[in-house]
Amino acid sequence: MNIFALSTIRGRLIAGFLLLVGLLIVAGSVGRLAISAFSSEISVALSSVRQETALTASLTTSVAQELGAAARYVDRGSPQDRALFRDAGWNAHAAVRELNKAEGLTSTELGLIAGIDARLASIEIGLAQAHLLRDLGRSAEAVARAESVRTLEGELTRDVSRLGEMRSRQVDGRIQDVQETGGQRQRLCLARALLGEA
């Protein structure tokens with residue numbers, strides 16, 4: 001007696017059950033592949049977001065450290081403050097260069113980054129001159145020269161903040177795109193499972 005014979009009810013039930021199990025395996029495999037691909041996309045997007053966030057934070061921190069060290073050097077003349085001014089400046093410019101390489105920058109963001117770099121360089125020149133004046137014993141002139149770049153410092157701080165806000169909006173847009181893609185794939189997998197397609 002052959003249990004797989006389709007001429008009997010038992011054979012038909014077993015064949016139908018095997019077909020159902022096969023379709024479930026195929027649907028599960030398709031779902032797993034879709035989830036794996038989606039997980040990879042999320043990982044790439046989050047990695048990019050994490051890197052850009054770290055660069056923006058590094059730029060903000062480096063600029064703040066540089067400006068603080070410059071002001072302290074004019075006041076105290078400490079070699080550690082001068083070294084921190086120089087090192088933080090290098091770090092700030094490195095962060096700007098890395099931000100410039102980021103993918104998906106708009107022309108507005110590129111212009112803003114270029115403006116930040118140029119403004120930071122102008123401030124550094126003025127502060128370096130103030131440091132030299134202090135080293136020459138011309139403290140009043142050093143303070144006056146350091147004060148002359150205060151307006152640029154405020155503009156630089158606003159630009160860095162604005163860049164952070166712009167990048168944050170882009171991150172929100174990416175997150176929304178990933179969520180929409182996930183929803184579409186979820187509906188597609190559900191439709192395939194309901195229709196029994198692979």
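Scroll up for the structure.
These figures come from a predicted structure and were not determined experimentally.

### Here we look at the nonpolar core
If you look at the biggest cluster of nonpolar residues, it comprises 29 residues, and the most contacted ones within it are Leu 59, Val 63, Ile 116, Leu 127, Leu 156 and Leu 163. Those elements giving two or more residues to this core turn out to be helix 1 (9-76), helix 2 (79-101), helix 3 (107-135), helix 4 (139-147) and helix 5 (150-195). Here this core gets eight residues from one element, more than from any other, and that element is helix 3. Beyond its immediate chain neighbours, meaning those up to four positions away, Leu 127 contacts Leu 67, Ala 70, Phe 85, Ala 146, Val 149 and Glu 153.

### Notes on a nonpolar patch on the surface
Together, Phe 17, Leu 18, Val 21 and Ile 25 line one region of the surface with nonpolar side chains, adding up to about 380 Å² of accessible area. Among the secondary structure elements, Val 21 is positioned in helix 1.

### Re helix 3
For an α-helix, the turn length of 3.6 residues means that residues three or four places apart are oriented alike. In a regular helix each residue adds 1.5 Å, so 29 residues correspond to 42 Å; helix 3 covers 42 Å between its end C-alpha atoms and thus fits that length. Among the residues of helix 3, Glu 109, Leu 112, Ile 113, Ile 116, Leu 120, Ile 123, Glu 124, Gly 126, Leu 127, Ala 130, His 131 and Leu 133 are the ones counted as buried. Trailing helix 3 by a residue or two, Gly 137 shows a phi angle of about 85 degrees, which is positive.

### Comments concerning the environment of Ser 122
Among the structural elements, Ser 122 can be located in helix 3. Spatially, the C-alpha atoms of Ser 122 and Val 149 are 8.2 Å apart, while their sequence positions differ by 27 residues.

### Focus: the packing of helix 1 against helix 2
Helix-helix packing: each pair is described by the crossing angle between the helix axes and the interaxial distance. Orientation of helix 1 relative to helix 2, taken along the N-to-C sense of each, is 155 degrees, at an axis distance of 7 Å. Our classification of the angle between helix 1 and helix 2 gives roughly antiparallel. For the element pair helix 1 and helix 2, the recorded crossing hand is left-handed. When grouped by side-chain class, the residues that make up the contact of helix 1 with helix 2 number 13 nonpolar, six polar and seven charged.

### Notes on the pattern of salt bridges
Throughout the structure, instances matching the rule amount to nine salt bridges. One salt bridge connects Glu 155 with Arg 119, and the closest N-O pair in it is separated by 3.2 Å. Residue Glu 155 is located in helix 5, and its partner Arg 119 is located in helix 3; the two are separated by 36 residues in the primary sequence. Two residues, Arg 119 and Asp 159, come together in a salt bridge whose shortest N-O distance is 2.2 Å. Of this pair, Arg 119 sits in helix 3 while Asp 159 sits in helix 5, and the two are 40 residues apart along the sequence. Judged by relative accessible area, which is 22%, Arg 119 ranks as partly exposed. Judged by its relative accessible area of 13%, Asp 159 falls in the buried class. Through salt bridges that share partners, Arg 72, Arg 76 and Asp 81 make up one connected network.

Basis of the calculations
Residues numbered from 1 in each chain as written. Predicted model: local features only at pLDDT ≥ 70, side-chain atom pairs only at ≥ 80, totals over all residues. Heavy atoms only, no water. Core = buried A, V, L, I, M, F, W, Y, C linked by side-chain atoms within 4.5 Å. Buried < 20%, exposed > 50% of the residue type's maximum accessible area, 1.4 Å probe, protein only. Helix = DSSP H or I, 4+ residues; strand = E, 2+ residues; numbered from the N terminus. Contact = heavy atoms within 4.5 Å. Patch = residues over 30% accessible without salt bridge, like charges linked within 9 Å, V, L, I, M, F, W, Y side chains within 5 Å. Areas by Shrake-Rupley, 256 points an atom, 1.4 Å probe, with all protein chains shown as cover. Salt bridge = Lys/Arg side-chain N within 4 Å of Asp/Glu carboxyl O. Expected span 1.5 Å × (residues − 1). Axes fitted to C-alpha atoms, helices over the stretch in contact; angles between N-to-C directions. Parallel < 35°, antiparallel > 145°, perpendicular 65-115°, else oblique. Left-handed = near helix turned anticlockwise from the far one by under 90°. Nonpolar A, V, L, I, M, F, W, Y, C, P; charged D, E, K, R; others polar.

Shape is all these values report; function is a separate question.
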